[in-house]
Amino acid sequence: MEIINSQSINVHCRLAFVVSRFNEEVTSKLLEGAIERAKEKGFANSDITVVWVPGAVEIPIAAQRLALRRNSYGAIICLGAVIRGETTHYDYVCNMVSSGCSQVAIHQNIPVVFGVLTTENEEQALERCGGKHGHKGKEAVDTAIEMVATLRRLV
Ligand code: INI
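Residues numbered from 1 in each chain as written. Predicted model: local features only at pLDDT ≥ 70, side-chain atom pairs only at ≥ 80, totals over all residues. Heavy atoms only, no water.

For the protein chain, the count of helices and strands is five helices and six strands. In the protein chain, the succession of helices and strands from N to C terminus is β-α-β-α-β-α-β-α-β-β-α. Over its C-alpha atoms the protein chain spans a radius of gyration of 15 Å, differing by no more than 12% from the 15 Å that the globule rule assigns to 155 residues. For the protein chain, the spread of C-alpha atoms along the principal axes amounts to about 45 × 35 × 30 Å. Here the protein chain holds 155 residues, and 47% of them are scored as buried. Within the protein chain, residue pairs in contact and separated by at least 24 positions form 80% of the contacts whose partners lie at least 6 positions apart. Summed over all atoms, the accessible surface of the protein chain reaches about 8,300 Å², with 49% contributed by carbon and sulfur. A gap of 7 Å separates the mean positions of the 16 positive and 17 negative side-chain charges of the protein chain. (Helix = DSSP H or I, 4+ residues; strand = E, 2+ residues; numbered from the N terminus. Rg over C-alpha atoms; globule rule 2.2 N^0.38 Å. Buried < 20%, exposed > 50% of the residue type's maximum accessible area, 1.4 Å probe, protein only. Contact = heavy atoms within 4.5 Å. Areas by Shrake-Rupley, 256 points an atom, 1.4 Å probe, with all protein chains shown as cover. Lys, Arg positive; Asp, Glu negative; His and termini not counted. Charge placed at Lys NZ, Arg CZ, Asp CG, Glu CD.)

Below, the structure written as structure tokens:
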């Protein structure tokens, strides 16, 4: 029996973050926690690239460009916050960012971690970046590391 389970296996690679500026109060917290977790896991500043984009809709094209820098990054971590209360095109924004990120992952063969919050209001978003619902930025880094380790074994 072959079982591949790379949970809590550490890896070394470079990490790229794409972060949207829309709802920056939330996304800056996502990024701060994510970088903190990466440092805890042994990543140095020189291992980390951060690209800011205007909104969640712009995340996939930046992720795609990063993926096209072949073998530069083990994973691309996308961080954003789409809040229904502030937009009438919430569903369009959610669909564009989620399907765009998964297309980059599949077509460019690189883990693209979806750390984009989709919530009804800002309070729910803040609860997910260091509040009672944990920290989705930190979880995104954990997911990235596990997927890099797993995919290294699936060659
Ligand atoms: N972008 C977000 O990241 N979050 C939002 O909640 C949001 N709202 O509310 O509209 C949002 N809109 C901007 C969008 O991502 C694009 O930047 C814009 O449509 C230009 O393409």
